[in-house]
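An overview of the molecular structure
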Amino acid sequence: MKQKKVRVLIAKPGLDGHDRGAKVVARFLQENGYEVIYTGLHQSPEQIVNAALQEAVDAIGISVLSGSHNYVFPEVMKLLKERGMGDVVVFGGGTIPEEDIPPLLATGVKALFRPGTPLEEVLEFMKENVG
Amino acid sequence: MADNQNLEAIRKENERWAHKVAEATARWPERQEEFRSLSEIPIQRLYTPADVPELEYLKDLGYPGEYPFTRGVQTTMYRGRLWTMRQFSGFGTAEETNQRYKFLLENGQTGLSVAFHYPTLKGVNSDHPLARGEVGKCGVAIDSLRDMEILFDGIPLDQVTTSMTINHPAPVLLAMYLVVAEKQGVGWDKVGGTVQNDPLKEFFAQKSFIWPPRESVRLLVDTMEFCMKNVPKWHPVSISGYHIREAGSTAQQELAFTLADGIAYVQAAVERGLDVNAFGPMLSFFFDAHMDFFEEIAKFRAARRMWARIMKERFGATNLKALWLRFHTQTAGVSLTAQQPLNNIVRTAFEALSAVLGGTQSLHTNSFDEAEALPTEEAVTVALRTQQIIAHETGAANTVDPLAGSYFVEALTNEMERQAEEYIRKIDDLGGMITAVEQGYPQDEIMRASMEFQKAVEEGRKVIVGVNKYQMGEEKPIPILKIDDAVERAQIARIEDTKRNRDNAKVERCLQEIRDTARAGDNLLYPILEAVREYALLGEICDALVDVFGAYEDPAVF
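Residues numbered from 1 in each chain as written. Chains lettered and ligands numbered in written order. Predicted model: local features only at pLDDT ≥ 70, side-chain atom pairs only at ≥ 80, totals over all residues.

1. Observations regarding the overall build of chain B
Selection rule: Only DSSP runs of H or I covering at least 4 residues are called helices, and only runs of E covering at least 2 are called strands; the numbering of each starts at the N terminus. The reference for a compact globule is 2.2 Å times residues^0.38; the radius of gyration itself is calculated from the C-alpha atoms. Buried residues are those with 20 or more other C-beta atoms within 10 Å of their own C-beta, exposed residues have 12 or fewer, and partly exposed residues lie in between; C-beta atoms are placed from the backbone. By the convention adopted here, residues are in contact when the distance between their C-beta atoms, placed from the backbone, does not exceed 7 Å.
The secondary structure content of chain B amounts to 21 helices and ten strands. A globule of 558 residues ought to have a C-alpha radius of gyration of about 24 Å, and chain B, at 24 Å, matches this closely. Oriented by its inertia axes, the alpha-carbon framework of chain B measures out at about 85 × 60 × 45 Å. Per-residue burial over chain B gives 50% buried out of 558 residues. When contacts within chain B are restricted to residue pairs at least 6 apart in sequence, those whose partners lie at least 24 apart make up 77%.

So this is what it looks like as structure tokens:
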């Protein structure tokens, strides 16, 4: 029996226009057998969580290069919990200073990838934590 | 470059030498089978006159300040005046950024360059739901004339020139700047500077768009027309390759798409009935300086030559200054690494040197901490000092276009031009850049290039020191500039206060005038100026135009 494809939402929150990283990760995961849904730019945490619900995804990857990570990640985690979607794996990346990472992980974000992270590392993370 | 007899002899000698190379490489193979530039241009072992056989000095290079400007736009270049050291900056509130500007001016910076935060770039107010967490983070928060008055408080606008990185909302920010000048008692004829105002690259590079492509180009032409009449020293557009490159393009694509955008704007202005000889000198350009030293120099030189020929041959410009490609350069933000951040000082220095050797008119050098956040004052100082060291210690500014005549640099300049011309032909075939953008052509090309680059890094074919080679384990974190969340609250409070203290009925009439003018097809700068004077908010003005033009949404393809 063919296994059902793992579904991942790649999301760009806020007004930030830096989508190079999000798109490269989206395409790479797709090339590696994942079902990837990309939100496009300019999404609110609410819209991201709604999209995740509608698309019944197993994971959400959020790319932030606007400095708004300390708002976006906790907000998404809160909304997921409220909707009973606590089992969705959330990860992210972008220009997130090292010292901001531990508090964000404490909100339940599974991993935050810093600039320069090899795509293979993201893939390994997905295999281990999502499927 | 060489006469025929000489060329024959050189070709013969090249063959002889090739045998020696074969012997040498049989014993000591070269480090790689093939050498390629950062943008995948194959690089030969050696360049000789035989690699630039067609190059004619007077036709293809000429003299500085003369057609086709390959060697530079000014006659004496940096011997006359150094490039403008223009550090792009802005963060937090207008008060904080005003302090930073004064600090930079006191330290020898010679021009200002405003970085706006995302809500301003996108034409929304700081109290917009999508602005949560972003206020003052990537730049300074400007919601109305009130913020602009604070931003330039104590900075005489007849004595500095200011560049503003703002695109779709550019007419509004320019209007705010002009009203501030007015209030300082400075006539518009004495105000100098630039608004980026390059709408098309927003759809495939920087992605801070509001209105659809055609409507946004109309606003650009409105701005050009207005400046020609009222603000003669202002550059109403800075046609920008920087963001194209940062979005993942190659150097050739950066060059081609930038010039293709320029062609679209000139075309639109000519169709409006504007005189190419009159507005040509007001155009300016903006490029990225990336890590491949010679490739970048070749790109800058090719850009000047190509634009001069485009303006002359395609648009029939005869005014020499209308053929000028004058440009600002910023070192490549994407080349900065979060790993071993001090290495970024070295990267930035090489990139900056390539811009100087390429003949830039102004330069921004990135700070070493910018892979993680906006720069600290210490990091900015090092970045500015890097330019001063190049200017005063290296000797690079002592002669004009020092690399001209290098067989390698000339061959690479030709190759850059050839590849960019191919792209421009393709865009012409599609029906021009506006149509190409609507069809997603540059978007696809950039996506492909950025994916290929990432794969090359993953496979180690491209080395990034500290990232995929010479890594270190645990690294000590560097100090990071923190933007307090209080900025967001303060900015929202100021919006409320502004709304309470203005004539709201008057503002509403101004916004209606903007809608009516948009429908009538008249120049929008005039009603925008009136709205700005009444303290209409940036988001209110942009929304009024959305009512007529519609909003552009990201197609979300990858």
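Let us keep going from here.
2. Remarks on the interface of chain A and chain B
Many descriptions give the size of an interface as the accessible area lost when the pieces come together. Note the cut-off: Polar here means any residue other than Ala, Val, Leu, Ile, Met, Phe, Trp, Tyr, Cys and Pro, which are nonpolar, and Asp, Glu, Lys and Arg, which are charged; Gly is therefore polar.
At the interface, 32 residues of chain A touch 36 residues of chain B. At the level of elements, α1 (20-31), α3 (69-82) and α5 (119-129) of chain A are the ones that each hand at least two residues to the side of chain A that touches chain B. Of the residues forming the side of chain A that touches chain B, the biggest block, five residues, is contributed by α1 of chain A. For the side of chain A that touches chain B, the per-class residue count stands at eleven nonpolar, twelve polar and nine charged.

3. Comments concerning the sheet that holds strand β8 (residues 283-289) of chain B
Residues and elements named next belong to chain B. Rules: Should DSSP find at least two bridges between two strands, the strands are taken to pair.
Read across the open sheet, the five strands follow the order β1-β10-β9-β8-β7; overall the sheet is parallel. Both edges of this open sheet fall to β1 (84-85) and β7 (237-240), since each of them pairs with a single strand only. Of the strand pairs in this sheet, β1 and strand β10 (residues 362-364) are connected by two bridges, and their pairing is parallel. The residue bridging Thr84 from the neighbouring strand is Ser362, located in β10.

4. Observations regarding α1 of chain A
The criterion, for reference: Here, expected helix span is obtained from the residue count minus one, scaled by 1.5 Å.
When the terminal C-alpha atoms of α1 of chain A are compared, their 16 Å separation across twelve residues agrees well with the 16 Å that a helix rising 1.5 Å per residue should span. Here α1 of chain A lies mainly inside the structure; ten of its twelve residues are buried. Listed as buried for α1 of chain A are Arg20, Gly21, Ala22, Lys23, Val24, Val25, Ala26, Arg27, Phe28 and Leu29 of chain A. Contact partners of the buried residues in α1 of chain A: β1 (7-11), β2 (35-38), β3 (59-64), β4 (89-94) and α5 of chain A together with α17 (441-458) of chain B.

5. A few points about the domain arrangement of chain B
Residue and element names in this part refer to chain B. To keep it simple, the criterion reads: The start and end points of each domain follow an automatic or database-based domain assignment.
Splitting chain B by domain gives domain 1 (4-51) and domain 2 (62-458). Between the C-alpha centres of domain 1 and domain 2 the distance comes to 37 Å. Contact residues are listed per partner, giving nine residues for domain 1 and eleven residues for domain 2. Of the residues that constitute the side of domain 1 that touches domain 2, the class distribution is four nonpolar, three polar and two charged.

6. Observations concerning the pairing of β2 of chain A
In the case of a regular strand, side chains alternate between the two sheet surfaces. In terms of strand pairing, β1 of chain A meets β2 of chain A through four bridges, oriented parallel. In the sheet register, Arg7 of chain A faces β2 of chain A, and the bridge partner there is Glu35 of chain A.

7. Some thoughts on the environment of Asp158 of chain B
Residue and element names in this part refer to chain B. Relative to the elements of secondary structure, Asp158 occurs in the loop between α5 (145-151) and β4 (162-165). Each C-alpha atom, one on Asp158 and one on Trp188, is 9.0 Å from the other, the two residues being 30 residues apart in sequence. The contacts of Asp158, once residues within four sequence positions are left out, are Val186, Lys190 and Val191.

8. Focus: the packing of helix α6 (residues 170-184) of chain B against helix α8 (residues 213-230) of chain B
All names here are of chain B. Going by this rule: To obtain an axis, a line is fitted to C-alpha atoms, over the contacting stretch when the element is a helix, and the angle between two such axes runs from 0 to 180 degrees between their N-to-C directions. Here is the rule for angles: anything less than 35 degrees is roughly parallel, anything more than 145 is roughly antiparallel, 65 through 115 is roughly perpendicular, and the remaining ranges are oblique.
Contact geometry for α6 and α8: axes closest at 10 Å, N-to-C directions at 25 degrees. Classified by the angle between their axes, α6 and α8 sit roughly parallel to one another. Here Ala170, Pro171 and Leu174 of α6 lie close against α8, whose contacting residues are Leu219, Asp222 and Thr223. Of the residues that constitute the contact of α6 with α8, the class distribution is four nonpolar, one polar and one charged.

9. Digging into the sheet that holds strand β3 (residues 112-115) of chain B
Sheet architecture is open: five strands sit in the order β2-β3-β4-β5-β6 (chain B), paired in parallel fashion. Edge strands, defined here as strands with exactly one partner in the open sheet, are β2 (88-89) and β6 (234-235) of chain B.

10. A look at the nonpolar core
Defined as follows: Only buried residues count toward a nonpolar core: Ala, Val, Leu, Ile, Met, Phe, Trp, Tyr and Cys, linked into one set through C-beta atoms within 7 Å.
By size, the foremost hydrophobic cluster in this structure holds 148 residues, and its most contacted members are Leu173, Leu259, Ile514, Ile528 and Ile541 of chain B. Examining the composition of this core, we find that eleven residues originate from one element, helix α10 (residues 251-272) of chain B, more than from any other. With near-sequence residues (within four places) excluded, Leu173 of chain B lies in contact with Ile142, Met164, Ile166 and Val195 of chain B. Val25, Tyr34, Val57 and Ile62 of chain A belong to the second largest nonpolar core, which has 40 residues in total.

11. What about unusual backbone geometry?
In the segment running from Tyr67 of chain B into Pro68 of chain B, the intervening peptide bond is cis, with an omega of 0 degrees. Even without being a glycine, His42 of chain A presents a positive backbone phi close to 65 degrees. Note on placement: His42 of chain A falls in the loop between β2 and α2 (45-54). Assessed through the 22 C-beta atoms surrounding it within 10 Å, His42 of chain A is described here as buried. Phi at Gln340 of chain B is positive, roughly 45 degrees, even though this residue is not glycine.

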